[in-house]
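# Coordinate analysis (summary)
As a plain string of letters, each chain reads:
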Amino acid sequence: MIVLGIETSCDETAAAIVTEDRRILADEVFSQIEDHRPFGGVVPEIAARKHLELIDGVVERAIQQSGVGLDDLDAVAATGGPGLIGGVLVGVMTAKAIATVKDKPFIAVNHLEGHALTARLTDDVAFPYLLLLVSGGHCQLLIVEGVGQYRQLGTTIDDALGEAFDKTAKMLGLGFPGGPAVEKTAEKGKAGRFDLPRPMKGRDGADFSFSGLKTRVRQTIESLPPGDLIEQDVADVCASFQAAAGDVLVDRTANAIGMFRLRHTPSAVPKPALVVAGGVAANKTVCERMQTLALEKGFQFIAPPPKLCTDNAAMIAWAGIERLRLGDTDDMDFQARPRWPLDPNANNQEQRKKA
Ligand code: KG4
Ligand code: ZN
């Protein structure tokens with residue numbers, strides 16, 4: 001099986017070709033960062049227009065690089081949501097057009113499922129596993145029971161972690177996107193310098209909250225001597241922020257591991273995986289903290305390579321393959337979805353907030 005995947009839900013225009021035996025034949029990602037940087041964040045209208053301008057070329061390059069032709073494809077998959085609707089529409093329309101002309105099945109992939117199943121593409125992880133999904137728009141702990149089968153254990157009640165990274169970077173003048181900048185700057189900082197809160201730590205359950213942490217970062221910056229921030233202060237804020245976020249992730253994920261164990265006992269699933277996914281999973285400190293926790297709790301630890309943690313189309317092609325293997329394809333009347341929770345039964349405050 002060979003599937004073409006298309007990703008256009010945020011500010012990456014991406015196309016990839018992936019095979020059922022887990023080979024990535026092409027993985028083209030065109031980042032629009034330079035177009036959005038002057039605005040300090042992604043501008044939906046600019047993103048949609050840019051996707052429209054770029055998508056044909058990006059798909060063409062992926063096809064050329066892969067060495068397979070459109071006729072060799074078994075299906076065409078595209079992110080069908082959640083995301084910025086203008087961009088999602090461009091990807092969905094493109095995939096439907098190719099599928100129609102070439103008479104191939106069309107698959108509308110949930111972007112979050114793309115992140116969630118990446119560990120099966122890279123590491124062949126078996127179901128069930130525990131997933132920490134940390135991206136710009138989401139912060140969730142889920143049990144991945146199977147393709148299309150998710151049990152949400154916790155979510156953020158306010159900001160996503162990637163959002164908190166981005167806002168911290170903005171307040172410190174580190175530019176956009178913030179996550180990688182905060183990580184790099186933190187390398188030279190002292191994590192113990194500022195006493196930042198660990199929201200939700202010690203509480204039952206696996207929900208998150210990051211808005212209080214963000215506020216304290218702002219107050220901390222305001223408490224520094226007036227004038228330009230000095231380099232060491234900036235580095236210390238970044239390191240302190242990352243340490244606080246890391247502590248919260250460890251605490252919440254430890255609870256989620258307990259919840260996972262209530263459902264899947266060690267005798268039934270002796271060595272499950274703790275998988276991290278989404279853009280923030282590209283952060284080394286986050287991965288190290290999660291790896292230590294996994295080892296302590298007798299879980300394997302899986303983090304896909306950073307390039308497959310941030311938005312890409314290989315994960316969409318792979319999720320397409322997983323769906324195609326189950327005969328689960330979509331009709332041409334599929335409508336792009338701005339919101340699309342993985343676990344429809346979850347009481348999803350995050351989804352409500354974005355509504
Ligand atoms: O999954 P993703 O590429 O897009 C969404 O679906 O949201 O995640 C983007 C988020 C951004 O908030 C970005 O700042 C964050 O992931 N991110 C990082 C790192 N790389 C990307 N956060 C912390 N450390 C990183 N190295
Ligand atoms: Zn994403």
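Residues numbered from 1 in each chain as written. Chains lettered and ligands numbered in written order. Predicted model: local features only at pLDDT ≥ 70, side-chain atom pairs only at ≥ 80, totals over all residues. Heavy atoms only, no water.

### Observations regarding the overall build of the chain
Tallying secondary structure elements over the chain gives 12 helices and 10 strands in all. Its C-alpha atoms give the chain a radius of gyration of 20 Å, near enough to 20 Å, the size a compact globule of 355 residues would have. In terms of overall dimensions, the chain has a C-alpha envelope of 65 × 55 × 35 Å along the principal axes. Split into buried and exposed, the 355 residues of the chain put 56% on the buried side. Of the contacts made within the chain by residues no fewer than 6 positions apart, 74% connect residues no fewer than 24 positions apart. As displayed, the chain has an accessible area near 14700 Å², and 51% of this comes from carbon and sulfur atoms. Of the charged side chains in the chain, 38 are positive and 47 negative, and the gap between their average positions amounts to 5 Å. (Helix = DSSP H or I, 4+ residues; strand = E, 2+ residues; numbered from the N terminus. Rg over C-alpha atoms; globule rule 2.2 N^0.38 Å. Buried < 20%, exposed > 50% of the residue type's maximum accessible area, 1.4 Å probe, protein only. Contact = heavy atoms within 4.5 Å. Areas by Shrake-Rupley, 256 points an atom, 1.4 Å probe, with all protein chains shown as cover. Lys, Arg positive; Asp, Glu negative; His and termini not counted. Charge placed at Lys NZ, Arg CZ, Asp CG, Glu CD.)

### A look at the site of ligand 1
Taken together, 18 residues are adjacent to ligand 1, and G136, D166, G179, E183 and G279 come closest. Between ligand 1 and E183, the relevant distance is 2.7 Å, taken from a nitrogen atom to a side-chain nitrogen or oxygen of the residue. Contacts to ligand 1 include D311, whose backbone N or O atom sits 3.0 Å from an oxygen atom. When the free accessible area of ligand 1 is taken as 560 Å², the share hidden by the protein chains comes to 87%. At the level of elements, α4 (111–123), α5 (161–171) and α6 (178–186) are the ones that each hand at least two residues to the shell around ligand 1. Residues of the shell around ligand 1, tallied by class, amount to four nonpolar, 11 polar and three charged. (Near = heavy atom within 4 Å. Polar contact = N/O pair within 3.5 Å; in protein donor to acceptor, adjacent residues only side chain to side chain. Nonpolar A, V, L, I, M, F, W, Y, C, P; charged D, E, K, R; others polar.)

### Examining the packing of aromatic side chains
One pass over the full model with this rule turns up six aromatic pairs. The interplanar angle of 5° and the centroid separation of 5.9 Å between the aromatic rings of F127 and Y129 together place this pair among those described as stacked. Where F165 meets F241, the ring centres are 4.9 Å apart and the plane angle is 90°; that geometry is what we call edge-to-face. Of the two residues, F165 sits in helix α5 while F241 sits in helix α8 (residues 231–263), which places them 76 residues apart along the sequence. By way of ring pairs, the aromatic residues F106, F334 and W340 are connected into one cluster. (Phe/Tyr/Trp six-rings, centres within 6.5 Å; stacked < 30°, edge-to-face > 60°.)

### Some thoughts on the sheet that holds strand β2 (residues 12–19)
The strand order β3-β2-β1-β4-β5 describes an open sheet built from five strands, whose pairing is mixed. Looking along the sheet, the strands with just one partner apiece sit at the ends: β3 (24–31) and β5 (106–110). Each strand axis lies, on average, 20° off the axis of its neighbour in the sheet, ignoring direction. Where β2 and β3 come together, seven bridges link them in antiparallel fashion. Bridge pairing in β3 links I17 to A26. (Pairing = 2+ DSSP bridges. Axes fitted to C-alpha atoms, helices over the stretch in contact; angles between N-to-C directions.)

### Considering the confidence of the model for the chain
Caution is warranted with low-pLDDT regions, since their predicted coordinates should not be read in detail. Scored by pLDDT, the chain comes out at a mean of 96, with 98% of its residues at no less than 70. Low pLDDT, under 50, characterises residues 351–355; the stretch is placed with 12 contacts to residues that sit more than four places away or in other chains. (pLDDT = per-residue confidence, 0-100.)

### Some details on the sheet that holds strand β7 (residues 139–146)
Spatially, five strands are ordered β8-β7-β6-β9-β10 in an open sheet, and the strand pairing comes out mixed. Looking at the sheet topology across the chains shown, the edges are occupied by β8 (149–155) and β10 (300–302). Neighbour-to-neighbour, the strand axes of the sheet open up by a mean angle of 25°, direction not taken into account. Across three bridges, the pairing between strand β9 (residues 273–277) and β10 is parallel. Counted as the bridge partner of V275 is I302 from β10. Strands β6 (129–134), β7, β8 and β9 of the sheet are contacted by α8, whose axis makes an angle of about 150° with β6. Those strands touched by helix α9 (residues 284–296) are β6, β9 and β10, and its axis lies near 160° from that of β10.

### Overview of the coordination of the zinc ion (ligand 2)
Bound to the zinc ion (ligand 2) are the protein donor atoms H111 (NE2), H115 (NE2) and D311 (OD), situated 2.0 to 2.2 Å from the metal. The sequence pattern formed by the donor residues of the zinc ion (ligand 2) is H-x3-H-x195-D. In this pair, H115 is assigned in helix α4 and D311 in the loop between α10 (306–309) and α11 (314–325), connecting sequence segments 196 residues apart. Of the residues examined, H115 reaches a relative accessible area of 2% and is grouped as buried. Here D311 falls in the buried class, since its relative accessible area comes to 16%. (Donors = N, O, S within 2.8 Å, 3.2 Å for Na, K, Ca; no water.)

### Brief notes about the packing of α5 against α6
In the contact formed by α5 and α6, the axes pass within 7 Å of each other and the chain directions differ by 70°. Taken together, the axis directions place α5 and α6 in an arrangement best described as roughly perpendicular. Between α5 and α6 the crossing geometry is left-handed. Across the interface between the two elements, F165, D166, T168 and A169 of α5 pack against G178, G179 and V182 of α6. Looking at the contact of α5 with α6, its residues break down into three nonpolar, three polar and one charged. (Parallel < 35°, antiparallel > 145°, perpendicular 65-115°, else oblique. Left-handed = near helix turned anticlockwise from the far one by under 90°.)

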